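The residues making up each chain are set out below.
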Amino acid sequence: MMMTTNNAATRVFWDLNTCPVPYGYDGGRVGPCIEQALRKLGYSGRVFITGIGILTDVSTEVLQALYSSGVSLCNVRTHCFGVEMKITCSLSKPPRDNLMLISGERSFVSYLDMLERNRVPVIRELQSDEVFPIVANPIEGSVWERFLLADGVDSGDLDDDPGWSCEVCFSTGYGFENFLPHLKHKPRNEATKEEEEEEDDEEEEDDDKQEDDDKPRNEASKKQSEREFKKQRT
């Protein structure tokens, strides 16, 4: 197990599917809340927050509010595997930053344990206004909601474009307006299935057309054969 470093950068991955923004809560306040919590825990390094998940299930208004406050967005094809792959890739190059995962998915517990065994510094605490920090493994949805609703900070302002990535079509970019079309993309396996069905339909049409083209020739050949057969008999 590797200890976290207070002055190192911290990468926060926030599972938007299992820990959504609470109803009636300003999504633009999420980033500042997380940064404030990390400061209370003694972490002074830069904070990079990524909202991750199957983002077609999240409202456009929420995504835009998050993006405008500096939270980058990552749309994945599958939930658990997609989240784990994105985190693993982000930690592939040293030096390793601190990692914090906000998710209500219990299967991530063993994944975080594995990362710690491989010397990845994992933050498992979420500091609230209470005397003691809330500890979860990973940080659960109910804890997350209580933390956000209890904390009072203003919405964040976008200093730099946080960027986005789409693991469905394997693309990255900047600007929320450029991200929206990627939410309409179908998973590659579904798109491939439709393409194969279209190709099958086209092949059937070609076969039917070929049969129609061959029909006159076949009839002419049949008549020619009949004439030759009659000549042989006479």
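Residues numbered from 1 in each chain as written. Predicted model: local features only at pLDDT ≥ 70, side-chain atom pairs only at ≥ 80, totals over all residues. Heavy atoms only, no water.

Under an unreviewed UniProt entry, the name given to the chain is NYN domain limkain-b1-type, and the organism recorded is Arabidopsis thaliana x Arabidopsis arenosa.

> Which residues make up the overall build of the chain, and what values do they have?
Helix and strand counts for the chain stand at 7 helices and 9 strands. Per element, the accessible surface of the chain, about 13,900 Å² overall, is 48% carbon and sulfur. (Helix = DSSP H or I, 4+ residues; strand = E, 2+ residues; numbered from the N terminus. Areas by Shrake-Rupley, 256 points an atom, 1.4 Å probe, with all protein chains shown as cover.)

> Describe the pairing of strand 4 (residues 98–102), naming the residues involved and giving the relevant values.
Each regular strand carries side chains that alternate between the two faces of the sheet. Burial analysis of strand 4 places 5 of its 5 residues in the buried class, the great majority of the element. Neither face of strand 4 is exposed, since Asn98, Met100 and Ile102 on one face and Leu99 and Leu101 on the opposite face are all buried. Note that strand 4 and strand 5 (residues 122–123) share 2 bridges and pair parallel. Looking across to strand 5, one finds that leucine 99 is bridged to valine 122. Read as a crossover between parallel neighbours, the route from strand 4 over helix 4 (residues 108–117) to strand 5 is right-handed. (Buried < 20%, exposed > 50% of the residue type's maximum accessible area, 1.4 Å probe, protein only. Pairing = 2+ DSSP bridges. Right-handed = clockwise from strand over helix to strand, strands pointing away.)

> Residue-level account of the pairing of strand 3 (residues 72–75), with values.
Side-chain alternation along strand 3 places Ser72 and Cys74 on one buried face and Leu73 and Asn75 on a second face that is also buried. Pairing analysis gives 4 bridges linking strand 2 (residues 47–53) to strand 3, with the strands arranged parallel. When the bridges of strand 3 are listed, glycine 51 appears paired with leucine 73. On the question of chirality, the crossover connecting strand 2 to the parallel strand 3 by way of helix 2 (residues 60–68) is right-handed.

> Go over helix 3 (residues 79–90), please, and point to the residues and values.
Each α-helix turn comprises 3.6 residues. Residues three or four places apart therefore point the same way. Between its first and last C-alpha atoms helix 3 spans 17 Å; for 12 residues at 1.5 Å apiece the expected length is 16 Å, and the two agree. For helix 3, the full list of buried residues reads His79, Gly82, Val83 and Ile87. Taken around the axis of helix 3, the buried residues stretch over an arc of 125 degrees, which confines them to a single face. In this structure, helix 3 carries Phe81 and Cys89 as exposed residues pointing more than 90 degrees from its buried face. (Expected span 1.5 Å × (residues − 1). Arc of directions from axis to C-beta.)

> Got a sec to walk through the side chain of serine 165? Specific residues and values, please.
Its place among the elements puts serine 165 in strand 8 (residues 164–166). Side chain to side chain, serine 165 and lysine 86 meet in a polar contact 3.4 Å long. Setting aside residues up to four positions removed in sequence, serine 165 forms contacts with Leu73, Cys74, Asn75, Lys86, Ser171, Thr172 and Phe179. (Polar contact = N/O pair within 3.5 Å; in protein donor to acceptor, adjacent residues only side chain to side chain. Contact = heavy atoms within 4.5 Å.)

> Got a sec to walk through the packing of aromatic side chains? Specific residues and values, please.
Scanning the model with the defined rule gives 3 aromatic pairs in all. An angle of 45 degrees between the planes, with centres 5.4 Å apart, marks the rings of tryptophan 164 and phenylalanine 179 as tilted. Pair noted here: tryptophan 164 is in strand 8 and phenylalanine 179 is in helix 6 (residues 176–179), with a separation of 15 residues, a long-range link. Both residues of the pair, tryptophan 164 and phenylalanine 179, count as buried. Residues phenylalanine 176 and phenylalanine 179 carry aromatic rings whose centres are separated by 6.4 Å and whose planes lie at 50 degrees to one another, so their mutual orientation is tilted. In this pair, phenylalanine 176 and phenylalanine 179 are both assigned in helix 6, 3 residues apart and thus about one turn of the helix distant. For phenylalanine 176, a relative accessible area of 7% gives the class buried. An aromatic cluster is present here, built from Tyr67, Trp164, Phe176 and Phe179 joined pairwise through their rings. Here the basic side chain of arginine 11 rests over the ring of phenylalanine 48, its NZ or CZ set 4.7 Å away from the ring centre. (Phe/Tyr/Trp six-rings, centres within 6.5 Å; stacked < 30°, edge-to-face > 60°. Lys NZ or Arg CZ within 6 Å of the ring centre and 35° of its normal.)

> Tell me about the state of the cysteines, and name the residues and values.
Counted by the stated rule, this structure contains 0 disulfides. Free cysteine cysteine 74: the closest other cysteine sulfur is in cysteine 166, separated by 8.1 Å. For cysteine 169, which is in no disulfide, the shortest distance to another cysteine sulfur is to cysteine 166 and amounts to 3.3 Å. (Disulfide = S-S within 2.5 Å.)

> Just give me the short version of the confidence of the model for the chain, but keep the residues and values in it.
Looking at the chain as a whole, the pLDDT averages 77, with 64% of positions reaching at least 70. At the level of individual helices and strands, the chain shows its lowest average pLDDT in helix 7 (residues 188–233), which scores 56, and its highest in strand 3, which scores 96. Here residues 187–196 is a poorly scored stretch, pLDDT under 50, and it has 6 contacts once near neighbours within four places are set aside; other chains count. (pLDDT = per-residue confidence, 0-100.)

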